[in-house]
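A structural walkthrough
So you can see what is in the structure, the chains are spelled out below.
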Amino acid sequence: RKEQEASLPNLVQRLEDTVSKEHFHLLKLIGKEADRFGVSAYLVGGFVRDLLLERPNEDLDVVIEGDGIKFANVLAASHGGSIKQHDTFGTATWTTPDDMKIDIVTCRTEYYAETAALPIVRSSNIHEDLTRRDFTINAMAMSISEHSFGKLLDEYQGIEDLKAKKIRILHPISFIEDPTRIFRAVRFAVRFGYSIEKETARLAQSAMSHLFSLSQQRLRQELTLIHKEATDLEAYYLLDTLNVWKTLFQKELPASSWQYAERVFSQSGHTVFHMLTALASPLSNWREMIQLYIMTAKERVFIEQLNELKQAPIEEVKSIGELHRYLYAVHDETLRFYLLDPTQEFHTHLDDYFKKRQEMSLYLSGDDLIKLDFKPGPHFRDYLFELEIKQLNGEISSKEEATRWVLEEKQKAEANHL
Ligand code: CTP
């Protein structure tokens, strides 16, 4: 293997500027103990990447080449504090006497033993640990061992890719081994404003069928992480160029999906689920497709209401009040979303209804009815609902008119009863 070790003179300074004084001293102490104990200690992955990019990162793990758990115990034995061990993962959390917590991780590699079906985790060296990582920019390590404190290990030209602003995998089957990396590639590209290197993008495309090895929940989680970092639709387009939508929704998305998504994205409060729904909405099997990504009861109601709206005879209903009979139970969120649908033509009618419904405050309440000598009961709702309809139609426009109307209705009801 071609190895390249580069030393960046200002890395120690950057570390000192980035972490607290206490943490910096703790890292120095760990490095000194590592030398004494005969192991090597490193900072690795996202932390090193962010150190080079001068971006904040709180994820301070120390990776040990050697037995991390034994080493953590040595630290606690010499300097006090306590250790919490996670033997299966070869990790330990050291809580120092000053109550700082630091994770000590053993270099590891996963591999499939020939006869065993389950992956075996075995400890390894830093080179193997870096080889199993996702992208070149995430596969760098910085030594904190005392004898080489601040020395950078960059075996996959991570620095070069940081400079070239490229997301590049380390080996051709990376996406097949871990399809979540397809989403991670997009997330990092969007976060840093980088592009996905050409061959990496091609390999992501050819790994599309492996997306189905991920659970729906996992897919949704990865998409949510991307959504959280997206400031525009670029992430969604990027996923499209990798064929993610075509794969997940089983069809090429039409232009109206993008028009819809643009409109939804420009609204405040949009969620990843809204975005998925907008993209899928123009497809004939949209409901079947989107159902797979529903995670909450609220989302289930949203989809059911949207489906009802799409089927409601909105054009045929002439008055706004009558529209209310169909749509009173539909949540504002669903209506607002539906009104953005570029494939529907209705909209002045419905738009008007939605506006009026939002602005409306009813002239009478249940308490008012009691004061007017109504006996409390389920019919209260019916009176108030009819009032809503009349208010929306402009047939009633003051508290007096409303009062007059309910009293008339009461009289009629009493007369019918006699
Ligand atoms: N990693 C990987 N493959 C994955 C997930 C993680 O190789 N599917 C490696 C990468 O080296 C990554 C490190 O594990 O840098 C830590 O993962 P994580 O905390 O998820 O990512 P970060 O790179 O730290 O990114 P973030 O800033 O989003 O935390």
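Domain assignment breaks the protein chain into domain 1 (1-164), domain 2 (166-249), domain 3 (253-358) and domain 4 (366-417). Centre-to-centre separation of domain 2 and domain 3, based on C-alpha positions: 28 Å. Summing the contributions of domain 2 and of domain 3, the shared interface buries around 1800 Å²; its carbon and sulfur component is 74%. Our count for the domain 2 to domain 3 interface comes out at 1 salt bridge. For Glu 299, the salt bridge is made with Arg 220, and the minimal N-O distance between the two is 2.8 Å. On the surface where domain 2 and domain 3 come into contact, there are 4 residue pairs in polar contact (both at pLDDT 80 or more). Secondary-structure elements contributing two or more residues to the side of domain 2 that touches domain 3 are helix 10 (216-229), helix 11 (234-241) and helix 12 (244-249).

Trans peptide bonds make up the majority, and among non-glycine residues the majority have a negative phi. Phi is positive for Asn 243, which is not a glycine, with a value near 75 degrees. Checked against the element boundaries, Asn 243 lands in the loop between helix 11 and helix 12. Under the relative-accessibility criterion, Asn 243 is labelled partly exposed at 25%.

Turning to the site of the ligand, a few remarks are in order. Among the 14 residues in the neighbourhood of the ligand, the closest are listed as Arg 49, Asp 134, Asp 178, Arg 184 and Arg 191. Backbone polar atom of Asp 134 to an oxygen atom of the ligand: 2.7 Å apart, as the coordinates give it. Coverage of the ligand by the protein amounts to 70% of the 570 Å² it exposes when considered alone. Elements with a contribution of two residues or more to the shell around the ligand: helix 3 (46-53) and helix 8 (180-192). A per-element tally of the shell around the ligand places helix 8 first, with 6 residues. Class assignment for the residues of the shell around the ligand results in 1 nonpolar, 4 polar and 9 charged. Residues from two domains meet in the shell around the ligand; each of domain 1 (1-164) and domain 2 (166-249) gives at least three.

Counting 109 residues, the largest nonpolar core has Leu 15, Ile 30, Val 62, Val 244, Trp 245 and Phe 249 as the members making the most contacts within it. Looking at this core, the element that brings in the most residues is helix 8, giving 8 residues. When neighbours within four sequence positions are excluded, Trp 245 is seen to be in contact with Leu 223, Tyr 236, Leu 239, Asp 240, Gln 250, Lys 251, Leu 253, Trp 258, Leu 276 and Leu 279.

Following the criterion strictly, the structure yields 14 aromatic pairs and no others. Ring centres of Phe 188 and Phe 192 lie 6.2 Å apart, and the angle between their planes is 5 degrees; on these two criteria the pair is classed as stacked. Residue Phe 188 and its partner Phe 192 are both found in helix 8; the two are separated by 4 residues, about one turn of the helix. Both residues of the pair, Phe 188 and Phe 192, count as buried. Ring centres of Tyr 237 and Trp 258 lie 4.3 Å apart, and the angle between their planes is 25 degrees; on these two criteria the pair is classed as stacked. With Tyr 237 in helix 11 and Trp 258 in helix 13 (residues 255-265), this residue pair connects regions lying 21 residues apart in the sequence. An aromatic cluster of at least three residues, connected via ring pairs, comprises Phe 135, Phe 188, Phe 192 and Tyr 194. We note Arg 187 situated over the ring of Phe 188; from NZ or CZ to the ring centre the distance is 5.4 Å. In this structure, Lys 310 packs its charged tip against the face of Trp 286, placed 4.6 Å from the ring centre.

Procedures and definitions
- Residues numbered from 1 in each chain as written.
- Predicted model: local features only at pLDDT ≥ 70, side-chain atom pairs only at ≥ 80, totals over all residues.
- Heavy atoms only, no water.
- Domains from an automatic or database assignment.
- Buried area = accessible area lost by both parts, 1.4 Å probe.
- Salt bridge = Lys/Arg side-chain N within 4 Å of Asp/Glu carboxyl O.
- Polar contact = N/O pair within 3.5 Å; in protein donor to acceptor, adjacent residues only side chain to side chain.
- Helix = DSSP H or I, 4+ residues; strand = E, 2+ residues; numbered from the N terminus.
- Buried < 20%, exposed > 50% of the residue type's maximum accessible area, 1.4 Å probe, protein only.
- Near = heavy atom within 4 Å.
- Areas by Shrake-Rupley, 256 points an atom, 1.4 Å probe, with all protein chains shown as cover.
- Nonpolar A, V, L, I, M, F, W, Y, C, P; charged D, E, K, R; others polar.
- Core = buried A, V, L, I, M, F, W, Y, C linked by side-chain atoms within 4.5 Å.
- Contact = heavy atoms within 4.5 Å.
- Phe/Tyr/Trp six-rings, centres within 6.5 Å; stacked < 30°, edge-to-face > 60°.
- Lys NZ or Arg CZ within 6 Å of the ring centre and 35° of its normal.

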